[in-house]
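# Descriptive analysis of the structure
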Amino acid sequence: MTKGDRSGDDRPVSILDLHGIPELTAVHRSDRFLELGACVTLSTILSLPDSLALDPLREGIRSIATASVRNLATIGGNVSAHDFFMTCFSALACMDAAVELRDTTGARWAGIHTLIGEDGRPAFPVSTIMTRIRIPSLHWDFATIRRLGEQTRGEPCPASFSAAARVEKGTIMELRLVAAGRTIVRDRSLELSLIGQRLPLTPKLIETAEAAASVMARERELDAVRADRYGSAVAAFLYDMQGQSR
Amino acid sequence: MKSHAHGMRDIARLSDFPVADALYVGTVRSASSSGTIVSLSLPHLPRDYRSITADDIPGSRTMSVSGADVPILASGSVEYRGQPVALIAGPDRSKVMEAVAMSRVRLEETEPAYSFESFDSSRLVATADVETGDVDAAVAQAHHVVAGDYRFCPQDHYYPEPQGSAAAFDYDKLVILSSTQWPFHVRSSVAGALGVSPDEVIVRSTLLGPHLDGKLWYPSLIACHAALAARLCGRPALMLLSRVEDFLYTTKRAPMIASYRAGMDEAGRLVALDARIVVNMGAHAPLAAEIVQRIVASAVGGYSCPAVRVNAIAVRTNLPPMGAFAGLGTGPVAFAIERLAESCAGSIDADPSAWRSINAAGKGDLTLKAALKRSIPYDLIAGNLLVASDYPRKRSSFEVIRKRRPDPSSAPGFGIGLAFGHQAAAGTFGRIGSDAPSVEVTLSKDSRLLIKTSSVPSSRAALEIWKGSAALSLGLRHDAVRIETSCTDSVPDSGPETLSRNIGIVSHLLEAACEGLRTKRFREALPITIRKSQRARSRTAAPESPLEEASWAGAVVELQLDPVDGSPIIRGIWMTVRAGRILSMAEATRTIEHDAAVALGLSIGEYLDLSHGPADEDSIRRYRLPRYGETPPIHVEFLEDETSPKGIGELAYTLVPAAFANAMSQALDAPVNEMPYRASQPQEGVPR
Amino acid sequence: MTIDFILNGEDVSMKAEPMERLSDLLRDRFQLSSLMSDCLEGRCGKCLVFLGGHLVNSCLVPAFRVRGAEIITYEGFKSTDTHELVHTSFGQEGVELCGFCDAAVYMAAGSLLDAAAQPPEDTIMETISSVYCRCATPSATLQAVHTAVDLKFGGKYGRAR
């Protein structure tokens, strides 16, 4: 916080520099979760030990900008964009992350899905700051993240696909399939239809899942190209899970 | 008069120009693409600030670029969005920019014309044609006919420093700092604008960096602006465009549409080739004549064909002026002819390399109205290239994959593509309106050699090659050779630095000058100065094929498609080059490798859509520049011979996009006839 | 506002608007011409500086952010042993840059050498990719960086030199 500073035309200046607040740049690990301050840089997250199960987040961060920009960009900034969901959001949505929100009434933890409006668009609460992000220390057997549509950095309104799955004794126990751009696309009924299925999934089942994903994406206003890519990405992930390629 | 030019000699980059006493110059631009200027409203400017309009120009209000008149500041009408209408100069950059933002150009707008696919004759600015034989009859009798339309979109040069210029008086002379390929054009343009003799203007070249021919003539316009500010305000002036301004308003690669029709006999030999190539030159259309001529000269590639009709047309539109890009039009044409070659081979189920081999022009073949003295070295180059890349085996394997999968979306695609082409000799450019390009060498009494040319290579390695070559020819120590910094008051006009003129023309002039010194040095007293100029080709001399002194190369690109989104993953690039004697193998290899990496980036991501009008600021964010991690392995091989060194600076830009497109076409099982390739572009065969 | 920070090892103070770009301030106020204020959105990397020991794009850093921080530009980096190592390696490999991106490329290479341990291949690639310039022959630049890394960390098989 600055006090007594004045701008060039002598107006008082008030800047709250969040980088100066230790709590916001702290990284805290426990057996159950990893907690990141909202101002933890993306490169700091990349430098965390590989033993921490951080995919698809880690892989997603690698696809963002360049190394030098990642030394400045923060996880909080990436998650709280107002116009569209950025890459880290889709990964964290897959990982069942929670966020700590603070306003005048105090602090509370909420699932990251609370930052999604009913229309599927970003809905960051007003007069609130996000202070921490908590990622459960859950092991995912399969995780992936990729951009949808053109592989273009700096593309206005990029979209990304994140997926994570847990398999036990050849059965899908948990599954997350998320696309995020201007809107979030997540079809829990599709996920549930695949949870409990034994691997290998039949090509017909995968094809059905691909089609359902694309339809859902179009309904959620993803453009046609990205919607189809989302479907393809879902199919590719399902094939990857059983050690096959398309 | 005072000197304000102190210290200008030591400035390497325009962005380092000392700003203590200087004025910043900002540009007030038209916000519309076409119309008559009704009014220009400028904000009230404080002391030490002033505006400059066309009415303030003391000399010519236009500058000449290869026969086209480019307004220095718009007067009466505007022809593209962003056209400079006025300048604002002042000591504080942010205040200048504020004043520019507050200025308004009101136009009585007229309907802009952006399209070059349909146009009326009033927009036709240059044409070039060649015709041999009876094409229509040959096509009618052909056993196979293949046709295709090929497009190349505009692209940005993205040189390392945006365009700019600085100007300051050094007593009675105006010194201009310019990052330019053509310093003498800057000089003549500035002198014209100020209404003074060219001797009163000195142009010093600053660092150019890799320019891809984007700094050929546009720096002269910027220099005129800086010069006007310096002259009218009596202080040094600096104009440096922002990256956004540069991207939006300076020259881009001229987009092109090439429509080809090829007739073949039963064996697949070309019997007829018919091409109509239209290029969008934007507003004012400078260099249109040069570009259409080079297009015609390249339109048949290295192939033999008895009946040829090529019609190249340059069209003016209300987009910012388009221009040269690594070869003045030859790259897009090579893309077209090499895609056509692939289609021709495909139509008769022939191997693409075998097709090229039977169609490569041989000794005595008429190419563009002149008989070749030597065969095109296709087999020699292909022999090495195909082995190095393993093209035949990979192509066969990928063809099996392509044919066996039920549909392209069901299995990832693999592709390997071949392209073959040339870089024409320099020598047809740069004679316009100026003396013959010249080089001057002086051998002093203490056995030191001074080389003077306005076309100094930007590469230190290339400079060392010149010095080494000169030192060797005269038996001097390497460190006894110096190359004068390019400054128009101390070096002769060697023409623009483009089209490998450095190796094709300036090197030869340098060699000839050193030869002259060798014969005179022991007969005449030192110091001795020799000046050599390029003579114009005699009008009575027999016409020579533009392919005669060309360098030749082949390129292979191998790729596979991402199984999810179909985007290309490049597995390797191979190039085999035959360009005469190689002065430095390390430098030449590095050049080709560098150019291939840049050319690949230009093929995949650097997309700029101007089909519906000029670019906006979102366009620069969408313009994807490649990064190190995306560069595949690039393998380069040279086949040397004892002919004189030839230029290689266009070869990769000409051939890599074509080879890439051929590989993508195989992988997608669908033709890729537009560059750059966009994964999101609706394409048949993209995995869904 | 008044902003005090450490610039190339010296305590400095400047008055600036809070949101002024660091790249512009370093060039205009301190005449540090090694960095270029070009794309202004973190794409080209020609404005790289070390901020608190981390390589960052100074065009993305607002003035208020540097209060109390330590900044090293190429002018400060040039006098370090790390720079010497990078310069030697680039010379050894015959890599010639264009004169516009040299400082940024050297700084990026230098940031790898200042790491505690030999950086993995993907880190080298990603760090050097922070600079975009048409001048670079990618394999040559990467080879020069690898040479520098080997010289610093002892080569491919970890033997000290």
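What you see is a predicted model; the values in this text were computed from it and never measured. (Residues numbered from 1 in each chain as written. Chains lettered and ligands numbered in written order. Predicted model: local features only at pLDDT ≥ 70, side-chain atom pairs only at ≥ 80, totals over all residues.)

### Describing the interface of chain B and chain C
Condition: The contact criterion used here is simple: two residues whose C-beta atoms, placed from the backbone, lie within 7 Å are in contact. Secondary structure elements follow DSSP: runs of H or I of four or more residues count as helices, runs of E of two or more count as strands, with numbering from the N terminus. Residue type decides the class: Asp, Glu, Lys and Arg count as charged, Ala, Val, Leu, Ile, Met, Phe, Trp, Tyr, Cys and Pro as nonpolar, and the leftover types, Gly among them, as polar.
If you look at the interface, chain B gives 26 residues, while chain C gives 25 residues. Taken together, the elements giving at least two residues each to the side of chain B that touches chain C come down to α11 (460-474) and α13 (585-604) of chain B. Classifying every residue of the side of chain B that touches chain C gives twelve nonpolar, six polar and eight charged.

### A closer look at the nonpolar core
Which entries qualify depends on this criterion: Put simply, a nonpolar core is buried Ala, Val, Leu, Ile, Met, Phe, Trp, Tyr and Cys residues tied into one set by C-beta atoms within 7 Å. Any residue surrounded by 20 or more other C-beta atoms within 10 Å of its C-beta is treated as buried, while 12 or fewer makes it exposed and the intermediate range makes it partly exposed; C-beta atoms here are placed from the backbone.
With 334 residues, the main nonpolar core has Leu92 of chain A together with Ile176, Ala226, Ala227 and Ala237 of chain B as its most contacted residues. The element that contributes the greatest number of residues to this core is helix α15 (residues 651-668) of chain B, accounting for 13 residues. Those residues in contact with Leu92 of chain A that sit more than four places away from it in its chain are Leu57, Val79, Ala97, Ile112, Ile133 and Ile135 of chain A. If you look at the next biggest cluster of nonpolar residues, it comprises five residues, including Phe247, Leu248, Ala615 and Ile620 of chain B.

### Observations concerning the packing of helix α3 (residues 81-92) of chain C against helix α4 (residues 102-113) of chain C
Residues and elements named next belong to chain C. Put simply, the rule is: Geometry is summarised by axes, namely lines fitted to C-alpha atoms with helices restricted to the contacting stretch, and by angles between N-to-C directions that run from 0 to 180 degrees. If you view the pair so one helix is near and one far, a crossing is left-handed when the near helix is turned anticlockwise from the far one by less than a right angle, and right-handed when it is turned clockwise.
Remark: α3 packs on α4, axes separated minimally by 9 Å, with the N-to-C direction vectors making an angle of 115°. Remark: the crossing between α3 and α4 carries right-handed chirality. Contact with α3, carried on its side by Thr82, His83, Leu85 and Val86, involves Tyr106, Ala109, Gly110 and Leu113 of α4 and no other residues of that element.

### Observations concerning the pairing of strand β6 (residues 142-148) of chain A
Residue and element names in this part refer to chain A. Which entries qualify depends on this criterion: Pairing between strands requires that DSSP locate at least two bridges from one strand to the other.
Across the seven residues of β6, six count as buried, placing the element largely inside the fold. As defined by bridge partners, β6 adjoins strand β7 (residues 159-168) across seven bridges and the pair is classed as antiparallel. In the strand pairing of β7, Ala143 is matched with Ala164.

### So, the packing of helix α7 (residues 330-347) of chain B against helix α8 (residues 352-359) of chain B
Residue and element names in this part refer to chain B. Here is the rule we go by: Under this scheme an angle from 65 to 115 degrees is roughly perpendicular, one under 35 degrees roughly parallel, and one over 145 degrees roughly antiparallel; angles in between are oblique.
Interaxial distance between α7 and α8 falls to 9 Å at its minimum, and their mutual angle equals 105°. Comparing their axes, α8 and α7 come out roughly perpendicular. For the pair α7 and α8, the contacting residues are Ala341, Glu342, Cys344 and Ala345 in the first and Pro352, Trp355 and Arg356 in the second. Of the residues in the contact of α7 with α8, the class split is five nonpolar, no polar and two charged.

### Focus on the sheet that holds strand β15 (residues 256-264) of chain B
All names here are of chain B. A sheet is described by the order of its strands in space; here six strands give the open sequence β9-β17-β16-β15-β10-β28, paired in mixed fashion. The sheet terminates laterally at β9 (124-132) and β28 (674-675), the two strands that pair on one side only. Of the pairings in the sheet, the one linking strand β16 (residues 270-280) to strand β17 (residues 307-315) comprises nine bridges and is parallel in character. Looking across to β17, one finds that Ala272 is bridged to Ala307. Across the sheet, helix α6 (residues 288-298) touches β9, β16 and β17, and the angle it forms with β9 is around 20°.

### Overview of the sheet that holds strand β7 (residues 84-90) of chain B
Residue and element names in this part refer to chain B. Across the sheet, which stays open at both edges, the seven strands sit in the order β3-β7-β1-β14-β11-β12-β13 with mixed pairing between neighbours. Only two strands of the sheet have a single neighbouring strand rather than two, namely β3 (50-52) and β13 (201-205). Across the sheet, the mean angle from the axis of one strand to that of its neighbour is 25°, orientation sign disregarded. Running at roughly 15° to strand β1 (residues 23-29), helix α1 (residues 93-102) makes contact with β1 and β7 of the sheet. The strands touched by helix α4 (residues 218-233) are β1, β3, β7, β11 (164-170), β12 (173-178) and β14 (237-240); relative to β11, the strand with the most contacts, the crossing angle is about 35°.

### Comments concerning α6 of chain B
All names here are of chain B. With ten of eleven residues buried, α6 lies mostly within the body of the structure. Within α6, the full set of buried residues consists of Ala288, Glu290, Ile291, Val292, Gln293, Arg294, Ile295, Val296, Ala297 and Ser298. Contacts from the buried residues of α6 go to β5 (68-71), β9, β16, β17 and α7.

### Remarks on the domain arrangement of chain B
All names here are of chain B. Condition: Note that the domain bounds were set by an automatic or database domain assignment.
Split by domain assignment, chain B resolves into domain 1 (1-335), domain 2 (377-425 + 547-688) and domain 3 (438-533). Listed per partner, the contact involves 16 residues of domain 1 and eleven residues of domain 3. When its residues are assigned to classes, the side of domain 1 that touches domain 3 shows nine nonpolar, four polar and three charged.

### What to know about unusual backbone geometry
Excluding glycine, most residues fall at negative phi; most peptide bonds, likewise, are trans. The peptide bond linking Asp55 of chain A to Pro56 of chain A adopts the cis configuration, its omega dihedral lying at 10°. Looking at where Pro56 of chain A falls in the secondary structure, it is placed in the loop between α1 (42-46) and α2 (57-62). Cis geometry is found at the peptide bond from Met675 of chain B to Pro676 of chain B, where omega equals -5°. Here the phi dihedral of Leu212 of chain B falls at roughly 50°; this positive angle occurs in a residue that is not glycine. For Leu212 of chain B, a count of 21 C-beta atoms within 10 Å translates into the label buried. The residue Ala285 of chain B is not glycine, and still its phi comes out positive at about 55°. On the basis of neighbour counts, which here come to 29 C-beta atoms within 10 Å, the residue Ala285 of chain B falls in the buried class.

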